[in-house]
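Analysis of the macromolecular model
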Amino acid sequence: MFKKYFHILTLQKNNTLIISDNRNSSLAKKISIDLDVPYKNTELRVFADGESKIRLDNVAKKNCIIIHSTYPPTDQHLMQLFMIIHKCKEDGASDICVVNPYLAYARQDKVFVDGEIVTLHLIGRILASLGATKLVTIDSHSPGSLNYSFETVDLSAIPSLASYVKKNITLNNPIVISPDEGGIERAKKFAGVIGIDMLSLIKTRDRFTGDVSISLSEQQPLENRDAIVVDDMISTGNSIIKATEILKKNNIGNIYVISTHALLLNDAKEKLLKAGIKEIISTNSIPNEFAKVDLSSVISHYFSDH
Ligand code: R5P
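For the structure given in this document, a descriptive report is provided here. If you're wondering where the values come from, they're calculated on a predicted model, not measured in any experiment. (Residues numbered from 1 in each chain as written. Predicted model: local features only at pLDDT ≥ 70, side-chain atom pairs only at ≥ 80, totals over all residues. Heavy atoms only, no water.)

**Things to note about the state of the cysteines**
To keep things clear, this is the line we draw: When the sulfur atoms of two cysteines come within 2.5 Å, that pair is taken as a disulfide. Think of it in three bands: residues with accessible area under 20% of the maximum for their type are buried, residues over 50% are exposed, and the middle band is partly exposed, with areas taken using a 1.4 Å probe on protein chains only.
Counted according to the given criterion, the structure contains zero disulfides. The thiol of Cys-64 is unpaired, and the distance to the nearest cysteine sulfur, on Cys-88, comes to 3.9 Å. Summary of cysteine pairing: Cys-97 is not part of a disulfide, and the nearest cysteine sulfur, belonging to Cys-64, is at 10 Å. Relative accessible area serves as the criterion here: at 4%, Cys-97 is assigned to the buried category.

Shown next, in the form of structure tokens:
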């Protein structure tokens, strides 16, 4: 077997395990091959009442790297993650690193309306109390809010997504669009890889109804230019649809949507295609038909250097 990352973990290699359930096994197995460390599957059963039951062989004295994305059903997947960490700790694992490519509750990172709970902080406290020593996320909505009591690392799939677009899509005078000001850094990074301009729209959200409105901040010639809308996630698709409406009013050319995490809840896919999106491109942080960019190398590279 070709060992891409042969130099890594030379001391701990025999002591390290990549752990996941079946749901995350495709990504986890690729990482285990890249890093040349063993893969350990957990046996998972979900009962009719929604409760999970998990079995994992003893991992005493092992450095455990748990690959576990917490996409919907988020609470169930979070609970399963808590169970796996708990088992590793009870067994006496030396180290428990959680790789959670799609971090649930990342958008609940501050109090927007008085009385709200900052669930992102709660998750950090639970992970710490269970014994997690590190959390690795990918393009988390608000990485600055992950100020947990243990180490957190937010990796980015944006360079890989940009390289995919550069290699596979022929674009006409393209421009990168961020649907909101919170996504400017991501969009800039994407535009930098391709070597083109970027523009940020302005998004406001009614904090009680959740309704979103999007406007253009500055007049830019957009006519017939292809737009690459870059966002961290597509959930209901509403943000992208609103962005599409304003771009179309400005006679944009083709619209491509690039999103690290494609949740595409309910009929989001149909709504986006009906709105005139030419193509959606995402990663495999969440299984979906538009997952054209595999995250294993982003994650493996990180571990090869740390
Ligand atoms: C919010 O600021 C995020 O970056 C996304 O734009 C948003 O969460 C996407 O959600 P939806 O698809 O429901 O509009």
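**Section: the pairing of strand β7 (residues 134–138)**
Selection criterion: Helix and strand labels come from DSSP, where a helix needs a run of H or I of at least four residues and a strand needs a run of E of at least two; each type is numbered from the N terminus. Look down the strands so they point away from you; if the path from the first strand over the helix to the second goes clockwise, the crossover is right-handed. When DSSP finds two or more bridges between two strands, those strands count as paired.
Burial of β7 is extensive: five of the five residues sit out of reach of the surface. Residues Lys-134, Val-136 and Ile-138 point to one face of β7 and Leu-135 and Thr-137 to the other, with burial holding for every one of them. Crossover connection from strand β6 (residues 95–100) via helix α3 (residues 119–130) to parallel β7: handedness right-handed. Summarising the sheet, β7 and strand β8 (residues 151–155) pair through five bridges and their orientation is parallel. The residue of β8 that forms the bridge with Thr-137 is Asp-154.

**Regarding helix α2 (residues 74–91)**
Rules: Helix span, as expected, comes to 1.5 Å for every residue beyond the first. In this description, contact between two residues means that some pair of their heavy atoms is separated by no more than 4.5 Å.
Its 18 residues place the ends of α2 26 Å apart at the C-alpha level, agreeing with the 26 Å of an ideal helix rising 1.5 Å per residue. Among all positions of α2, only His-77, Leu-78, Gln-80, Leu-81, Phe-82, Ile-84, Ile-85, Cys-88 and Asp-91 are buried. Buried-residue contacts for α2 involve β1 (16–20), β3 (43–46), β4 (52–55), β5 (63–67), β6 and α3. Remark: Gly-92 follows α2 within two positions and exhibits a positive phi of approximately 90°.

**Looking at the sheet that holds β5**
So the rule is basically this: Convention adopted: a line fitted to C-alpha atoms gives each axis, helices being fitted over their contacting stretch, and angles between N-to-C directions are expressed from 0 to 180 degrees.
Strands sit in the order β2-β1-β5-β6-β7-β8 across an open sheet of six strands; the sheet is parallel. Taken across any chain shown, the strands that pair with only one partner, and hence form the sheet edges, are β2 (39–41) and β8. Strand after strand, the sheet turns through a mean of 20° between neighbouring axes, direction not considered. Along the sheet, helix α1 (residues 25–35) makes contact with β1, β2 and β5, crossing β1 at roughly 165°.

**So, the sheet that holds strand β9 (residues 175–178)**
Strand pairing in a sheet is mediated by backbone hydrogen bonds. Such pairs are either parallel or antiparallel. What the seven strands build is an open sheet, ordered β11-β10-β9-β12-β13-β14-β15; its pairing is mixed. Bordering the open sheet on either side are β11 (212–216) and β15 (291–293), each of which pairs with just one other strand. The average undirected angle you get between the axes of adjacent strands in this sheet is 30°. Pairing geometry for strand β14 (residues 277–283) and β15, over two bridges, is parallel. Looking across to β15, one finds that Thr-283 is bridged to Val-293. Together, β9, β10 (198–205), β12 (227–234) and β13 (255–262) form the strand contacts of helix α5 (residues 184–194), whose direction differs from that of β12 by roughly 135°. The sheet strands contacting helix α6 (residues 238–249) are β9, β10, β11, β12, β13 and β14, and the helix crosses β11 at an angle near 30°.

**So, the pattern of salt bridges**
Heads up, the rule is: Any carboxyl oxygen of Asp or Glu within 4 Å of a side-chain nitrogen of Lys or Arg constitutes a salt bridge here.
As enumerated under the stated definition, the model contains 14 salt bridges in all. The shortest N-O distance in the salt bridge between Asp-180 and Lys-203 comes to 3.3 Å. With Asp-180 in the loop between β9 and α5 and Lys-203 in strand β10, the pair connects residues that are 23 residues apart, well separated along the chain. With a relative accessible area of 13%, Asp-180 lands in the buried category.

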